[in-house]
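Spelled out from the first residue to the last, the chains are:
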Amino acid sequence: MDLLNNLALGFGVAFTLTNVLYAFAGAVLGTLIGVLPGLGPVATIAMLLPSVYALDATPALIMLAGIYYGAQYGGSTTAILINVPGEASSVVTAIDGYKMARKGRAGPALASAGLGSFFAGCVGTLVIAAFAPPLTELAFKFGPAEYFSLMALGLIGAVVLASGSLVKAIAMIILGLLLGQVNTDVISGVPRYSFDIPELTDGIDFVAIAMGVFGFGEIIANLSKPAEHREVFTRDVKGLWPSAQDFKDMTPAVLRGTALGSILGVLPGGGALLSSFASYTLEKKTRGRPGEVPFGEGNIRGVAGPESANNAGAQTSFIPMLTLGIPPNAVMALMVGAMTIKGIQPGPQVMTSDPQLFWGLIASMWVGNLMLIILNLPLIGIWIKLLTVPYRILYPAILAFCCIGLYTLNNNNFDVFVGALFGFVGLAFYKLGCEPAPLLLGFILGPMMEENLRRALLLSRGDWSTFVTRPLSAGLLIAAVLMIVIVSLPAIKSKREEAFQDAD
Amino acid sequence: MKIKSQKDFWSGLMFIVIGIVFAVGATNYSFGSSARPGPAYFPFGLGILLALLGGLVLFKALVIEVEGGDPIGYWGFKSAAFVLVAVVLFGIAIPVLGMGLALPLLIIVGSLGSGEFSLKEALISSVVITAFSWLVFVEGLGLTIPVWPTFLGS
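Residues numbered from 1 in each chain as written. Chains lettered and ligands numbered in written order. Predicted model: local features only at pLDDT ≥ 70, side-chain atom pairs only at ≥ 80, totals over all residues.

Turning next to the overall build of chain B. When you go through chain B residue by residue, the secondary structure sums to five helices and zero strands. Relative to its length of 154 residues, chain B is extended, with a C-alpha radius of gyration of 24 Å against a globular reference of 15 Å. Projected onto its principal axes, the C-alpha coordinates of chain B cover approximately 55 × 50 × 25 Å. Considering only residue pairs separated by 6 or more positions, chain B has 64% of its internal contacts joining residues 24 or more positions apart. (Helix = DSSP H or I, 4+ residues; strand = E, 2+ residues; numbered from the N terminus. Rg over C-alpha atoms; globule rule 2.2 N^0.38 Å. Contact = placed C-beta atoms within 7 Å.)

As a packed pair, helix 17 (residues 391–410) of chain A and helix 3 (residues 77–97) of chain B sit with axes 11 Å apart at the nearest point and diverge in direction by 45 degrees. Judged by the angle between their axes, helix 17 of chain A and helix 3 of chain B are oblique. The hand of the helix 17 of chain A/helix 3 of chain B crossing is right-handed. Here A:Leu399, A:Cys403 and A:Tyr407 of helix 17 of chain A lie close against helix 3 of chain B, whose contacting residues are B:Val83, B:Ala86, B:Val87, B:Phe90 and B:Ile94. Residue classes in the contact of helix 17 of chain A with helix 3 of chain B are distributed as eight nonpolar, no polar and no charged. (Axes fitted to C-alpha atoms, helices over the stretch in contact; angles between N-to-C directions. Parallel < 35°, antiparallel > 145°, perpendicular 65-115°, else oblique. Left-handed = near helix turned anticlockwise from the far one by under 90°. Nonpolar A, V, L, I, M, F, W, Y, C, P; charged D, E, K, R; others polar.)

Per the domain assignment, the segments of chain B are domain 1 (6–69) and domain 2 (77–152). With centres defined by C-alpha atoms, the gap from domain 1 of chain B to domain 2 of chain B works out at 39 Å. (Domains from an automatic or database assignment.)

In this section: the confidence of the model for chain B. Segments scoring low in pLDDT should not have their predicted coordinates read at a detailed level. Residue and element names in this part refer to chain B. Put simply, chain B has an average pLDDT of 85, and 94% of its residues get 70 or more. Per-residue pLDDT, averaged within each element of chain B, yields its smallest value for helix 5 (residues 119–140) (87) and its largest for helix 4 (residues 99–111) (91). Reported for the predicted complex are a pTM of 0.81 and an ipTM of 0.90. (pLDDT = per-residue confidence, 0-100.)

This paragraph deals with the packing of helix 6 (residues 106–140) of chain A against helix 16 (residues 355–387) of chain A. All names here are of chain A. Between helix 6 and helix 16, the shortest axis-to-axis distance is 9 Å and the interhelical angle comes to 175 degrees. It follows from the interaxial angle that helix 6 and helix 16 lie roughly antiparallel. Contacts from Leu110, Ala111, Gly114, Ser117, Phe118, Gly121, Cys122, Thr125, Ile128 and Ala129 in helix 6 reach Ile362, Met365, Trp366, Asn369, Leu372, Ile373, Asn376, Leu377 and Ile380 in helix 16. A breakdown of the residues in the contact of helix 6 with helix 16 according to their chemical character gives 13 nonpolar, six polar and no charged.

Pasting the structure below:
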């Protein structure tokens, strides 16, 4: 059994004392930052990137994966306790989770989110281990045309999920692609859009953009909101354990959510966000037992389902990143960036050239999930304490860590200035209702897309039809067009708006 | 013509301007041909595409009625200015003054943005966060960050 051998190799790596410690440290740090209101996984990972600079590639990625899960979980905690989802994918958790907390059932809500996530994480890990090798095989059949089409599909997929205007989201992607053009052209070696600033010839650092837009931008956006009275349900979190009836209710929801998330996570542009929305809709449509609490009033299925789904989706969204080197969402884009910093070119070759890293990372995802459950349920009191710290004290600390992170990127204050600039840009995006996540994805994929486009054209002697005459490439492009058509259909369009409205 | 959605109007305009800037900028580089695309090929095409999409957003903003006119709302420039100036100051200060002074500067100026500033709190935060950062980033993770002002010698 290859699968077992591979997993055994992985667990061998993941269970070394140092790697367990790094996974643990990552989960703690991720939760710590993720619990801070208004900081999602993207900002959290960007902020904590410097903490892995000094590490080797394998522990660095293991720690980052831990940070990711921690941040994700921290986001659900704030969603349930103070109705402030730390990230888009726990937006739906807040609907029923917060209601449960208001009814004094914060404990069972948190526990069902944690247990559901853990179960989903276990399944997700198995799915990755089973599907990564065959997909890698497929990836070796990909030429530049296929890669280009796949990235186009991924970008379109990301857009379909952005809330708000489709056209604006596509424009944001293109803006991201354009920002990615500030670099030295790989083929001709010509520096572009650098204005003779030497730092710009290497391109803008993606961390500076992420930190500026998601870190500073969100801080400013939070400060400009009128200070709202936040209710934190500290005293009520006593009975943590769900009742037998709760377990009966949540088990099928967890199973459905996990299945849904595992599938949707693999899709380009998919991942945690799509999964949690889809699962909430599914749970709402599924008939529960008679006399159950209605949805929107604190139904435990509305917490367990989406939370399992987003964790499964978060897990399986590693698949396109690990096998094809193509990040399906902004978080994975950061992981790709981190891998590149560590000197690993993400792509199908990683599995064969670096099996220790590959399988170690997969196994440590499971370890990370385990950490979260043993860490978060007992420690929930500490996280709640953190929520009672007023924002005016929290945000200078966030600012400080962001600045240190920016400076240590290249030990150069240039990135700090770029971060500040993008903080302003982020504020403008926020005010103009332009969602920034697609921009970051476009930015990361930009150079890759350009290189593949130009290579494909070079190979076809300038014939654009190469993208539609090669069957794999054509299939991917058709899928991308279909996605746009489907979301533009009036019926789906109103459903989509409804889904995002529900979330608001 | 009346603007029906403020947000879309300005974002459309932003996309058009940025698209054109990139497309015009691309003319400085060799365009190549489809068979041999040069460095300007991709950014030029994208710039045009962005400007077109911006035009679409702008058009919709002028034509489609939106309830309430979709105002941009209060910008919060004061908070933004304090936060971003604090970051820039940190950037200027760090190579010269080191983390020991640059972080307190960042925290005190940044705290002014909250509208409920208290010097005592800001000072306490400065000490705690600076000490914590030194412990974690310099001692713990071994990152090379200047800690003390350069004029104090190494």
